[in-house]
Amino acid sequence: MSQNPAPDAGTPPDAQETTQLPALDTQVAAELAPVIEPATDQTGVQEINPVWVYSGYWGPLDEAQHPAIIGLRAQFGDAIEEVTFFRDEVTVRVRTEQLAEICTFLRDTPDLKYQMVSDLTAVDMLNLRSEPRFDVVVTLYSIPRRWRLRLKAGVREDQPCPTLTTVYAAAGWLERECYDMFGIVFAGHPDLRRMLLAEDWDEGHPLRKDYPMRGYKQYVQPGFTGAAPRIRETPREGA
Amino acid sequence: MGLIEGKFEKNVLTTSVDWLFNWGRRSSLWWLQFGLACCAIEMISASMPRFDLSERFGMLYRATPRQADLMFVAGTVTKKMAPTVRTLYDQMADPKWVISMGSCANVGGPFDTYAVVQGVDQVVPVDVYVPGCPPLPEGLYYGVLELQNKVIKYETIAKQHGVAAADIERDQDRIAARAAITGTDAAIVSSQTGLSSREATTGLRRD
Amino acid sequence: MIQEAPAGGTMQIEVERQIGENRRELVLNMGPQHPSTHGVLRVVLTLEGETIVATDPIIGYLHRGVEKIGENRRYSQFTPWTDRTDYVAAPLNNLGYILAVEKLCGIAAPERAQYWRVIMAELSRIASHLVWLGTHALDIGALSMSLYCFREREDILDIFERFCGARLTTNMMEIGGFSREIPEGLTDMVEAFLKKFPAHQQEYSDLLTQNPIWIARTRGVGIIEPEAAISYGLTGACLRGSGINYDIRKAQPYLVYDRLDFEVPIGTRGDVYDRYLVRMEEMRQALRIIRQCLDQMPTDGPLMLNESNYVIPPHATVLRTAEDMQRHFVWVIKGFEAPKGEVYMAIEHSKGELGYYIYSDGTNTPYRMRLRTPDFVNLQVLPYMAQGAMLADVVALIGTIDIVLGSVDR
């Protein structure tokens, strides 16, 4: 809408004697006003206020009231670096060296009992921050309390992360997949080898941010010296 | 078949005998049960009561490639799986055909990533491409019927002339030369390279 | 640059070794192409006679890089790839992804859309269990079960095709609800299915549940202790067959499951037979849920949350008004920018807990898209179950975990 730099601040713009610009605008606007038919289809019949409803599935969204955070801070003190709340989720950033002890504590405390690993994965933070490069993300679930909890541990590129296979058996394959996709070495893992890619895959770790989506090499059939020609050659570089 | 293959001049007798062979082959294609991904479920649905691919066309699925002469490559071929696909193709006995089912087997499908071979024709020679993601079982029928139309045109016992004959001779010379260079038997070389007189319809070339 | 790939691509496996006076171990490869492995799974078995000493499942033959694709697609574009992970229950995959995106954006679909989502999810659950039952029974030897199960499945696929146009890879859920009205005749098709299916399921139950051969092959085989089940992170029927009551629809309800009345079947012994009974009962409970949804659903009401920025504008106003046309254009071409943050949304998939972890950096593509698929975590328990089992049990064990390799490998 055009701002009318009125010399007279008291009167509303359309009541005073108009300069050329506003009159033309309103006139043009009146001529070109679109005729909107009422929508006759069924969507948009009711007014709905979209709002995310707090569900309580991760516990109280308050550091001073969440039993897991209280227990962790009491037991581990400054190994708990940061606590974030988003939607209804609770994320605790912990120091990497004590990740296994923290998980053992969460699993064994009778009041908390986070006995189940929902997910163990990693995020490559290359585009968002410089150090540490990876964030290992562990999502735990407590069956008696029906709560989830997320732990995050920052891992540098050459730094091994302590394994959780001694705490949860589910971590075996989840950590192998992390190693395969990101190259994060889990110290103490009994069987760390590639899982989703071929065992002799030598082209790197695909889910890193600097890995192109199409990969580096085209497929060459074993025993042949070159790749088969394609009808239309698509460029190899670039994601 | 080696005794009578390509030995006779074309006349009404050999074309009738050829037609008989081809009719037998196309009416009883035994397919290798080889489903990789989502298209496999549609392939299974196609052989189940509503669509009934198996019984109506004389097709039967076999779990072992030694007894199969048609391979449906149904699903995405990844770089990890591709050598296995080639091994299975090599283990099938001639005459053999490959139907590439679905977009992933045709051109890599929606997965243009580091781990996927962009089309199974980079690995095995393909006879019929069936598009779809996944193709409806009716689409798979269409592919099979097209393959049957292709099979009926083969010339087995008639002698080849012209360009086809030159192709066959050149391939055989090539196999013999390679065998001489590497010091192995010509039969081993031909099975390794997968060259046969019933050659591929794709541009898969080797040197 | 094109280089020569390492020759082979197969693994060197030592085949037979002597380990004692009169004991020898044989390493048997149950290769990627096998009629009973439900896809491309390789299991390297170490046998001593007929007894299994060790198992090593090798996966990755269908790894297609879906998570990497997720980092390069807008939120509204990624739904087709979720279909192709677990391809026997595609609507459930879509549902998990859409609920995660809706949680990230802080929106929820209107009520009628939620009821229809539940109906489609439960139909998909039945379809998935039918494939499981068909292939599981086929592997163990009951060949006719596969024919019956796929025949029923065709009815469900007809409903999907009517609803969204595709049988298998449906892409049916959208952010904010459904953008097109429910086709007419669909409710009748669902009602007809509800009338017809219980009799068929009774047929399957009559064929298998009291069958002495079935019981001999499945009872006492593949027992998972409850503590081991929890430690291995199992979810779904594998966990409930061992006696643990964890069903996300009851523990952390989403959509309208808190208004619906259904039971969660729990097993006692944790063997293959109990998991079979659990899944059969889940099919019956799914019918019950669909019945309640059809009864409770509001008869009119919007199917799409149109006022939100994160949702595609409705078709009619897009064609008639300039604002909505511009909004549609921007939504499709550029995509909406999701709020910054991370969410983990888990739903009860037919195979277990399907979780989507989306880390968003405030742009129109996710920064990290992680699919926590139930099969991947469940398959890990195969060596545990196979310890001491017989060779012939391996197919029963692979079938009872209920894997779909697209979901395992992503």
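Remember, predicted model here, so these are calculated numbers, not experimental data.

Each value, and the rule that gives it
Residues numbered from 1 in each chain as written. Chains lettered and ligands numbered in written order. Predicted model: local features only at pLDDT ≥ 70, side-chain atom pairs only at ≥ 80, totals over all residues. Helix = DSSP H or I, 4+ residues; strand = E, 2+ residues; numbered from the N terminus. Rg over C-alpha atoms; globule rule 2.2 N^0.38 Å. Buried ≥ 20, exposed ≤ 12 C-beta atoms within 10 Å, placed from the backbone. Contact = placed C-beta atoms within 7 Å. Axes fitted to C-alpha atoms, helices over the stretch in contact; angles between N-to-C directions. Parallel < 35°, antiparallel > 145°, perpendicular 65-115°, else oblique. Nonpolar A, V, L, I, M, F, W, Y, C, P; charged D, E, K, R; others polar. Pairing = 2+ DSSP bridges. Core = buried A, V, L, I, M, F, W, Y, C linked by C-beta atoms within 7 Å. Domains from an automatic or database assignment. Expected span 1.5 Å × (residues − 1). Bend = angle between axes of the 7 residues up to and from the residue. Left-handed = near helix turned anticlockwise from the far one by under 90°. Arc of directions from axis to C-beta.

## Details of the overall build of chain C
Here comes step 1: Assigned secondary structure in chain C consists of 17 helices and 7 strands.
Here comes step 2: Compactness check: chain C gives a C-alpha radius of gyration of 23 Å against a globular reference of 22 Å for 410 residues, within 12% of the reference.
Here comes step 3: The principal-axis extents of the C-alpha atoms in chain C amount to approximately 85 × 60 × 35 Å.
Here comes step 4: When burial is assessed residue by residue, chain C has 57% of its 410 residues classed as buried.
Here comes step 5: Contacts in chain C between residues at least 24 apart in sequence constitute 68% of all its contacts with a sequence separation of at least 6.

## A look at the overall build of chain B
Here comes step 1: Helix and strand counts for chain B come out as 8 helices and 5 strands.
Here comes step 2: In chain B, buried positions account for 41% of the 207 residues.
Here comes step 3: In chain B, 76% of the contacts between residues at least 6 apart in sequence involve partners at least 24 apart.

## So, the packing of helix 4 (residues 111–140) of chain C against helix 16 (residues 394–401) of chain C
The description of two packed helices rests on the angle between their axes and on the distance between the axes.
All names here are of chain C.
Here comes step 1: Axis separation between helix 4 and helix 16 bottoms out at 9 Å; the angle between their running directions is 175°. Classified by the interaxial angle, the pair formed by helix 4 and helix 16 is roughly antiparallel. Contact residues: T135, H136, D139 and I140 in helix 4; V395, A396, G399 and T400 in helix 16.
Here comes step 2: Here the residues of the contact of helix 4 with helix 16 are counted per class, giving 3 nonpolar, 4 polar and 1 charged.

## As for the sheet that holds strand 7 (residues 368–372) of chain C
Residue and element names in this part refer to chain C.
Here comes step 1: Ordered in space as 5-6-7, the 3 strands form an open sheet in which the pairing is antiparallel. Since the sheet does not close on itself, it has two edges, and those belong to strand 5 (341–349) and strand 7, each with one partner. The mean inter-strand angle of the sheet, taken between neighbouring strand axes irrespective of direction, is 10°.
Here comes step 2: Across 5 bridges, strand 6 (residues 352–360) lies against strand 7 in antiparallel orientation. Of the residues in strand 7, the one forming a bridge with Y359 is R368.
Here comes step 3: Strands in contact with helix 3 (residues 90–105) are strand 5 and strand 6; relative to strand 5, the strand with the most contacts, it is inclined by about 150°.

## Let's talk about unusual backbone geometry
Here comes step 1: For the peptide bond that leads from C133 of chain B to P134 of chain B, omega is -10°, which places it in the cis range.
Here comes step 2: Within the fold, P134 of chain B resides in the loop between strand 5 (128–130) and helix 6 (137–151).
Here comes step 3: Of note, the phi angle at D52 of chain B is positive, near 55°, even though the residue is not glycine.
Here comes step 4: If you trace the backbone, D52 of chain B turns up in the loop between helix 2 (38–46) and helix 3 (53–56).
Here comes step 5: Unlike most non-glycine residues, D402 of chain C shows phi in positive territory, near 65°.
Here comes step 6: According to the C-beta neighbour criterion, D402 of chain C is buried, with 27 such atoms within 10 Å.

## Considering the sheet that holds strand 4 (residues 134–142) of chain A
Residue and element names in this part refer to chain A.
Here comes step 1: Read across the sheet, 5 strands follow the order 1-2-5-4-3 without closing on themselves; strand pairing throughout is mixed. This sheet does not close on itself; its edge strands, each paired only once, are strand 1 (80–86) and strand 3 (116–124). Neighbour-to-neighbour, the strand axes of this sheet turn through a mean angle of 20°, independent of strand direction.
Here comes step 2: In this structure, strand 3 lies alongside strand 4, joined through 8 bridges in antiparallel fashion. Along strand 4, the bridge assignment pairs V123 with D135.
Here comes step 3: Against the sheet, helix 2 (residues 67–76) contacts strand 1, strand 2 (89–94) and strand 5 (147–155), and its axis sits at roughly 170° relative to strand 1.
Here comes step 4: Against the sheet, helix 4 (residues 171–182) contacts strand 3 and strand 4, and its axis sits at roughly 10° relative to strand 3.

## Side note on the nonpolar core
Here comes step 1: Formed by 226 residues in total, the largest nonpolar core has its most connected members in I184 of chain A together with M71, F72, V73, V77, V85 and M101 of chain B.
Here comes step 2: Per element, the largest residue contribution to this core is 17 residues, and it comes from helix 4 of chain C.
Here comes step 3: Inspection of this core shows a minimum of three residues originating in each of domain 1 (16–58) and domain 2 (66–409) of chain C.
Here comes step 4: If we ignore the near neighbours within four places in the chain, the residues touching V73 of chain B are F34, V85, V98, S100, M101, A105 and V120 of chain B.

## Describing helix 6 (residues 186–208) of chain C
Since the α-helix packs 3.6 residues into each turn, any two residues three or four apart lie on the same face.
Residue and element names in this part refer to chain C.
Here comes step 1: The terminal C-alpha atoms of helix 6, which comprises 23 residues, lie 32 Å apart, in line with the 33 Å expected from a rise of 1.5 Å per residue.
Here comes step 2: Bending of helix 6 peaks at approximately 30° at the position of F197, with proline P198 no more than four residues after it.
Here comes step 3: Burial in helix 6 covers these residues: V190, F197, Q201, Y204 and L208.
Here comes step 4: On its buried face, helix 6 is in contact with helix 4, helix 5 (143–164), helix 7 (212–218) and helix 11 (272–296).

## Overview of the packing of helix 4 of chain C against helix 5 of chain C
All names here are of chain C.
Here comes step 1: At a minimum axis separation of 8 Å, helix 4 and helix 5 run at an interaxial angle of 160°. Comparing their axes, helix 5 and helix 4 come out roughly antiparallel. Handedness of the crossing formed by helix 4 with helix 5: left-handed. Two secondary-structure elements touch here, helix 4 through L123, I126, A127, L130, V131, L133, G134, T135, A137 and L138 and helix 5 through L143, M145, S146, C149, F150, E152, R153, I156 and I159.
Here comes step 2: Split into classes, the residues belonging to the contact of helix 4 with helix 5 amount to 14 nonpolar, 3 polar and 2 charged.

## Describing the domain arrangement of chain C
Residues and elements named next belong to chain C.
Here comes step 1: Looking at the assigned domains, one finds that chain C contains domain 1 (16–58) and domain 2 (66–409).
Here comes step 2: Centre-to-centre separation of domain 1 and domain 2, based on C-alpha positions: 33 Å.
Here comes step 3: Taken together, the contacts link 15 residues of domain 1 with 16 residues of domain 2.
Here comes step 4: Residue assignment for the side of domain 1 that touches domain 2 shows that the elements contributing at least two residues are strand 3 (42–48) and strand 4 (51–58).
Here comes step 5: When residues of the side of domain 1 that touches domain 2 are assigned to their parent elements, the largest contribution, 5 residues, is made by strand 4.
Here comes step 6: Tallied by class, the residues present in the side of domain 1 that touches domain 2 amount to 8 nonpolar, 6 polar and 1 charged.

## Looking at helix 3 (residues 99–108) of chain A
Residues and elements named next belong to chain A.
Here comes step 1: If you check which residues of helix 3 are buried, you get L99, I102, C103, L106 and R107. Projection of helix 3 onto a plane perpendicular to its axis shows the buried side chains occupying an angular sector of 135°, all on one side.
Here comes step 2: For helix 3, the elements touching its buried residues are helix 2, strand 2, strand 4, strand 5 and strand 6 (161–162).

## Focus: the environment of G388 of chain C
Residue and element names in this part refer to chain C.
Here comes step 1: Turning to its location among the elements, G388 is positioned in the loop between helix 15 (382–386) and helix 16.
Here comes step 2: Linking G388 and V53, residues 335 residues apart in sequence, is a C-alpha distance of 6.1 Å.
Here comes step 3: Ignoring sequence-local partners within four residues, the contact set of G388 consists of T51 and I52.

## Points about the pairing of strand 6 of chain C
Here comes step 1: Of all 9 residues in strand 6 of chain C, 9 are buried; the element is thus mostly enclosed.
Here comes step 2: Two successive antiparallel strands, strand 5 of chain C and strand 6 of chain C, enclose a turn made up of 2 residues.

## Digging into the environment of A199 of chain C
Residues and elements named next belong to chain C.
Here comes step 1: Along the chain, the position of A199 falls in helix 6.
Here comes step 2: Among the residues examined, A199 registers 8 C-beta atoms within 10 Å and is labelled exposed.
Here comes step 3: Through-space distance from the C-alpha of A199 to that of S231 is 38 Å; in sequence the pair is 32 residues apart.

## Comments concerning the environment of L32 of chain B
Residues and elements named next belong to chain B.
Here comes step 1: With respect to the element layout, L32 can be found in strand 1 (residues 30–32).
Here comes step 2: Here the alpha-carbon distance between L32 and F72, two residues 40 residues apart in the chain, equals 6.8 Å.
Here comes step 3: Those residues in contact with L32, other than ones at most four positions away along the chain, are R62, P65, A68, L70, M71, L88 and M92.

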